[in-house]
Amino acid sequence: MPKSPDPNAEARVSAWPDLPWDDPRHPFHVEHMRMALDEAQAAFAEDEAPVGAIVVSQSRGIVGSAHNQREQLRDPTAHAEMIAITQAAQAVGSRRLDDCILYVTLEPCAMCAGAIVLARLPMVVFGCTDPKAGACVTLYKIASDERLNHRARIVSGVLAEPCSQILTEFFAGKRRLGKK
């Protein structure tokens, strides 16, 4: 069971139904995906692609929280996952995040999946798939590729509808304005 500095966490965990850890309906995953969706909302408000990410340490609680900032920072690598992973590494004092879980609203791309492997994240939980760039289950399976020296367990479909909806709304607005 993930540990948390929250004194009420154990009571909440014991009240959870007996769902397998890989079940996208697991309340622990839903709770943290809601936090990632809050980050996605912040990105939307900043006119960034609305993707949010949270890194949860099983011993320290939340150690990274970010949203896309590619436009704001003028940095093509400023994806929510990359920023949250960097924050988490700083918070735990190590490049190895082997007791952490990454929650992200959109399936990670190839760059982010590579960072997941390099950070030794044991689990990635995401909301909706990305048919154009998904690199965990859709187009590639980088984070779980058996040829690599580290593999992450993947849980997909956690709050998939709201995760997809915010992206659809954002890009529909961009199309109406004639922006790419």
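To start, this report covers the structure provided alongside it. A quick note: this is a predicted structure, and the numbers were derived from the prediction, not measured. (Residues numbered from 1 in each chain as written. Predicted model: local features only at pLDDT ≥ 70, side-chain atom pairs only at ≥ 80, totals over all residues. Heavy atoms only, no water.)

### A look at the packing of aromatic side chains
Right, so step 1: The full count for this structure, using the stated rule, is four aromatic pairs.
Right, so step 2: Aromatic side chains Trp21 and Phe28 sit 5.5 Å apart centroid to centroid with 35° between the ring planes, which places their arrangement in the tilted category.
Right, so step 3: Among the residues examined, Phe28 registers a relative accessible area of 7% and is labelled buried.
Right, so step 4: Their ring planes at 85° and their centres at 5.0 Å tell us that Phe170 and Phe171 sit as a pair that is edge-to-face.
Right, so step 5: Taking relative accessible area as the criterion, Phe170 reaches 6% and is therefore assigned buried.
Right, so step 6: In this structure Phe171 comes out as partly exposed when scored by relative accessible area, which is 34%.
Right, so step 7: Site record: aromatic cluster; members linked through ring pairs are Trp21, Phe28 and Tyr103. (Phe/Tyr/Trp six-rings, centres within 6.5 Å; stacked < 30°, edge-to-face > 60°. Buried < 20%, exposed > 50% of the residue type's maximum accessible area, 1.4 Å probe, protein only.)

### Some thoughts on the pattern of salt bridges
Right, so step 1: This model, assessed by the stated rule, comprises four salt bridges.
Right, so step 2: Linking Asp23 and Arg25 is a salt bridge whose minimum nitrogen-to-oxygen distance equals 2.7 Å.
Right, so step 3: Overall, Arg25 belongs to the exposed group, its relative accessible area being 58%.
Right, so step 4: The residue Asp47 makes a salt bridge to Lys174 at a minimum N-O spacing of 2.7 Å. Taken together, the positions of Asp47 in the loop between helix 2 (27-45) and strand 1 (52-57) and Lys174 in helix 6 (residues 160-176) put the pair 127 residues apart, joining distant regions of the chain. (Salt bridge = Lys/Arg side-chain N within 4 Å of Asp/Glu carboxyl O. Helix = DSSP H or I, 4+ residues; strand = E, 2+ residues; numbered from the N terminus.)

### Examining the nonpolar core
Right, so step 1: The biggest cluster of nonpolar side chains holds 47 residues, and the ones touching the most others in it are Ile85, Leu97, Leu102, Tyr103, Ile116, Leu121 and Val125.
Right, so step 2: Broken down by secondary-structure element, the contributors of at least two residues to this core are helix 2, strand 1, strand 2 (61-67), helix 4 (80-92), strand 3 (100-106), helix 5 (110-118), strand 4 (123-128) and helix 6.
Right, so step 3: If near-sequence neighbours (up to four positions away) are discounted, Tyr103 is found in contact with Phe28, His29, His32, Met33, Ala36, Gly52, Ala53, Ile54, Val56 and Val125. (Core = buried A, V, L, I, M, F, W, Y, C linked by side-chain atoms within 4.5 Å. Contact = heavy atoms within 4.5 Å.)

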